[in-house]
Amino acid sequence: MIEIDNLSVSSGDFHLTSLSLVINTGMYGVMTGPTGQGKTTLLESICGLREVSQGTIRLNRTDVTRMDPAERNIGYVPQDTVLFPHMTVVQQIRFPLKIRKIEPQKIQSRIAELANLLGIESLLDRKTQNLSGGESQRVAIARALSFEPDFLILDEPLSGLDPINRTDMQAALKSISKQEGLTVLHVSHQTDETNTVADIRFQLANGTVKVLGGAD
Amino acid sequence: MKTTATSNFGFHALLVALSAIYLVLILAMILADFLYVTRGEFVSAISKPEILASTILTLKTCTVSAIFAVWVGTPLGYLIARKKFPGRMLVDLIVDIPMVLPPLVVGLSLLILFHLMLGDWQLESWLRDGVGFPVTFHWPAIVLAQFSVSCAFVVKTMKVAFEQSSPRYEEVARTLGCSQGQAFLHISLPIAWNGLLTGFTIAWARSLGEFGPILVFAGATRMKTEVLSTSIFLELSVGQLGSAVAVALMMVAISIMVLILLRFFSGGKS
């Protein structure tokens, strides 16, 4: 469960004030809204990358507002993917598991599972600079899922994809979230693209969050 | 149109002529050194036991000081590039000081630092008698004199290298389970690896050319604290101009090799 209560964040000249939302465990939440409303700032605050000036963030009932990003168990997929330029695809996915000192055999099996799930088996030895936008997104999602997080935070994961790939990715994200038992917050600036996957929809506009309802 | 074309030609001719003055000067200096010594004189000079010892000491001290410079300069460059803290500008300014100080002043200041009496206590005496590690007029003084200046260049190089790498990489690494230290070690440092190699090479080259601080702080004792730059000075002081030029040519060769390495590590951008 993701609970945001009365959250205020200041990032440079940008301010988010008194935002609240709840996404129940296992639900796929989609947040839409015009560009520049602070959706990314909100996601980064949930991940622990922006300092919160007021309010609380609870994950599965635990207050994580001041917790280190590494301890929140959130799989975060930034809009620009931020794949590490010195690592191959397989190294990207292996990295969070190596940091956690997971056994090599388990790492191999998790990499194989994710590669299959996201259809990136043929990309594993590739340098990230040679990947297309869609391939980079899939790798970033595989990396975020590698350590079996409880939550998945997606910042415009479908932007830059052509319509066919977008539809495929929507279906893949929904299926993966169910399979992995994830609570998801997916941000998009396009209202139509995620209606089919959302269990609950929000809109962030003019500094307030509105609940728009469930899937169409 | 004809007037513009003529004007452009004049401008380019002026650019080339002025640039050529400096390029010709550099090449002429090196060529003059080559023409001054015969092959026999060169071989004879660089085969002298004191020059051989000086070469070995130079290679060792340059390498040790460059390693120290990278060891200290990398975290400091990272700190200035990434962290916002009070006095950050002042720290950046302090790092610039060794780069603009006259070299003799660096040497003299080191000498004073190690011999300043604080009541009954003196750093040099404590190191020599208490720790058994004398510094002044011994080889560690060479390393310290080289390090004092070369580290500033590493800090500047690493600062630029870290500034060019987006902090987003570290942020995402932290969401993947890294502590700040792990994000630095596994993400930022490998991304800035070329900068680190460039910093090491610059520090090494800078240490090779250091003379003033070494002369003042380490002295120029043959077979003991003599490095190639002081060899030139010592050979000149005993009227051995041919030997001095031979050592200078050796330093030119080493410098060119370092320059090639520097270009290689920086991808031809330095």
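Given the structure is predicted, the values throughout are model-derived calculations rather than measurements. (Residues numbered from 1 in each chain as written. Chains lettered and ligands numbered in written order. Predicted model: local features only at pLDDT ≥ 70, side-chain atom pairs only at ≥ 80, totals over all residues.)

As for the overall build of chain B
Argument step 1. A tally of regular secondary structure across chain B gives 13 helices and two strands.
Argument step 2. Overall, the C-alpha framework of chain B stretches about 80 × 65 × 30 Å when taken along its three principal axes.
Argument step 3. Taken over 270 residues, chain B has a buried fraction of 37%.
Argument step 4. For chain B, the proportion of contacts with a sequence separation of at least 24, taken over those separated by at least 6, is 75%. (Helix = DSSP H or I, 4+ residues; strand = E, 2+ residues; numbered from the N terminus. Buried ≥ 20, exposed ≤ 12 C-beta atoms within 10 Å, placed from the backbone. Contact = placed C-beta atoms within 7 Å.)

Considering the overall build of chain A
Argument step 1. What chain A contains, in helices and strands, is five helices and ten strands.
Argument step 2. Computed over C-alpha atoms, the radius of gyration of chain A comes to 17 Å, within 12% of the 17 Å expected from 2.2 N^0.38 for 216 residues, which places it in the range of a compact globule.
Argument step 3. Dimensions of chain A along its principal axes, counting C-alpha atoms only, are 45 × 35 × 30 Å.
Argument step 4. Within chain A, the proportion of its 216 residues that are buried is 43%.
Argument step 5. Taking as baseline every contact in chain A between residues at least 6 positions apart, the subset at least 24 positions apart corresponds to 68%. (Rg over C-alpha atoms; globule rule 2.2 N^0.38 Å.)

Remarks on the pairing of strand β1 (residues 2–11) of chain A
Residues and elements named next belong to chain A.
Argument step 1. Here β1 runs beside strand β2 (residues 14–23); their pairing, made up of seven bridges, is antiparallel. Paired with Ser11 across the strands is Phe14, a residue of β2.
Argument step 2. Summarising the sheet, β1 and strand β4 (residues 52–59) pair through six bridges and their orientation is antiparallel. Bridging across to β4, Ile4 finds its partner in Ile57. (Pairing = 2+ DSSP bridges.)

Overview of the environment of Ile74(A)
Argument step 1. Structurally, the position occupied by Ile74(A) is in strand β6 (residues 74–77).
Argument step 2. For Ile74(A), a count of 24 C-beta atoms within 10 Å translates into the label buried.
Argument step 3. Along the primary structure Ile74(A) and Ile153(A) are separated by 79 residues, whereas in three dimensions their C-alpha atoms are 7.0 Å apart.
Argument step 4. Not counting residues within four places of it along the chain, the set of residues in contact with Ile74(A) comprises Ile46(A), Cys47(A), Pro149(A), Phe151(A), Ile153(A) and Thr175(B).

What to know about the nonpolar core
Argument step 1. Ranked by size, the top nonpolar core spans 113 residues in total, and within it Ala142(A), Ile153(A), Ala145(B), Val154(B), Ala203(B) and Val247(B) carry the most contacts.
Argument step 2. It is helix α7 (residues 139–164) of chain B that provides the largest number of residues to this core, a total of 15 residues.
Argument step 3. Setting aside residues up to four positions removed in sequence, Ile153(A) forms contacts with Leu43(A), Ile46(A), Cys47(A), Ile74(A), Gly75(A), Tyr76(A), Val77(A) and Leu185(A). (Core = buried A, V, L, I, M, F, W, Y, C linked by C-beta atoms within 7 Å.)

Topic: the packing of helix α12 (residues 228–237) of chain B against helix α13 (residues 241–265) of chain B
Residues and elements named next belong to chain B.
Argument step 1. At their nearest, the axes of α12 and α13 sit 8 Å apart, and the two run at 165 degrees to each other. Regarding the angle of α12 to α13, the classification is roughly antiparallel. Crossing of α12 against α13: the hand is left-handed. Across the interface between the two elements, Leu228, Ser231, Ile232, Glu235 and Leu236 of α12 pack against Leu241, Ser243, Ala244, Val247, Ala248, Met250 and Met251 of α13.
Argument step 2. Taken together, the residues that form the contact of α12 with α13 break down as nine nonpolar, two polar and one charged. (Axes fitted to C-alpha atoms, helices over the stretch in contact; angles between N-to-C directions. Parallel < 35°, antiparallel > 145°, perpendicular 65-115°, else oblique. Left-handed = near helix turned anticlockwise from the far one by under 90°. Nonpolar A, V, L, I, M, F, W, Y, C, P; charged D, E, K, R; others polar.)

Overview of the interface of chain A and chain B
Argument step 1. The partner chain B presents 14 residues to the 17 residues of chain A that form the contact.
Argument step 2. Taken together, the elements giving at least two residues each to the side of chain A that touches chain B come down to β6 and α2 (89–99) of chain A.
Argument step 3. Grouping the amino acids of the side of chain A that touches chain B by side-chain chemistry returns 14 nonpolar, one polar and two charged.

Here's the deal with helix α5 (residues 163–180) of chain A
Residue and element names in this part refer to chain A.
Argument step 1. Look at α5: 25 Å from first C-alpha to last across 18 residues, which is about the 26 Å you get at 1.5 Å a residue.
Argument step 2. Those residues of α5 not exposed but buried are Met169, Leu173 and Ser177. What you see down the axis of α5 is that its buried residues fit within an arc of 65 degrees, all on one side. For α5, the exposed residues lying more than 90 degrees away from the buried face are Ile164, Ala171, Ser175, Lys178 and Gln179.
Argument step 3. Its buried side turned inward, α5 meets β3 (28–32), α4 (133–145), β7 (151–155) and β8 (183–187).
Argument step 4. Phi for Gly181, located one or two positions after α5, is positive at around 65 degrees. (Expected span 1.5 Å × (residues − 1). Arc of directions from axis to C-beta.)

Some details on the sheet that holds β6(A)
Residue and element names in this part refer to chain A.
Argument step 1. What the six strands build is an open sheet, ordered β6-β7-β8-β3-β9-β10; its pairing is mixed. Of all the strands in the sheet, the pair left with one neighbour each is β6 and β10 (208–213). Across this sheet, the average inter-strand angle for adjacent strands is 20 degrees, counted without regard to direction.
Argument step 2. Pairing of β3 with strand β9 (residues 200–205) involves four bridges; the strand directions are parallel.

Structural notes on the sheet that holds β4(A)
Residue and element names in this part refer to chain A.
Argument step 1. Reading across the sheet, the four strands line up as β2-β1-β4-β5 and stay open at both edges, with antiparallel pairing between neighbours. Both outer strands of the open sheet, β2 and β5 (62–63), are each paired with one neighbouring strand and no more.
Argument step 2. Against the sheet, helix α1 (residues 39–47) contacts β1, β2 and β4, and its axis sits at roughly 115 degrees relative to β1.

Describing unusual backbone geometry
Across residues other than glycine, the phi torsion is negative in most instances, and most of the peptide bonds are trans.
All names here are of chain A.
Argument step 1. With phi around 50 degrees, Ser18 is a residue other than glycine that occupies positive phi space.
Argument step 2. In this structure, Ser18 sits in strand β2.
Argument step 3. The exposure class assigned to Ser18 is partly exposed, which follows from the 13 C-beta atoms found within 10 Å.

Points about the pairing of β8(A)
Both faces of the sheet carry side chains from a regular strand, because those side chains alternate between them.
Residues and elements named next belong to chain A.
Argument step 1. Burial of β8 is extensive: five of the five residues sit out of reach of the surface.
Argument step 2. Judged from the four bridges that link them, β3 and β8 form a sheet pairing that is parallel. Bridging across to β8, Tyr28 finds its partner in Val184.
Argument step 3. As defined by bridge partners, β7 adjoins β8 across five bridges and the pair is classed as parallel. Following the sheet pairing, Leu152 is matched in β8 by Val184.
Argument step 4. In this fold, β7 hands off to α5, which returns the chain to β8; that crossover is right-handed. (Right-handed = clockwise from strand over helix to strand, strands pointing away.)

Some thoughts on the confidence of the model for chain A
Argument step 1. Of all residues in chain A, 97% attain a pLDDT of 70 or more, and the chain-wide mean is 89.
Argument step 2. The secondary-structure element of chain A with the lowest mean pLDDT is β10(A), recorded at 81, while α2(A) shows the highest, at 97. (pLDDT = per-residue confidence, 0-100.)

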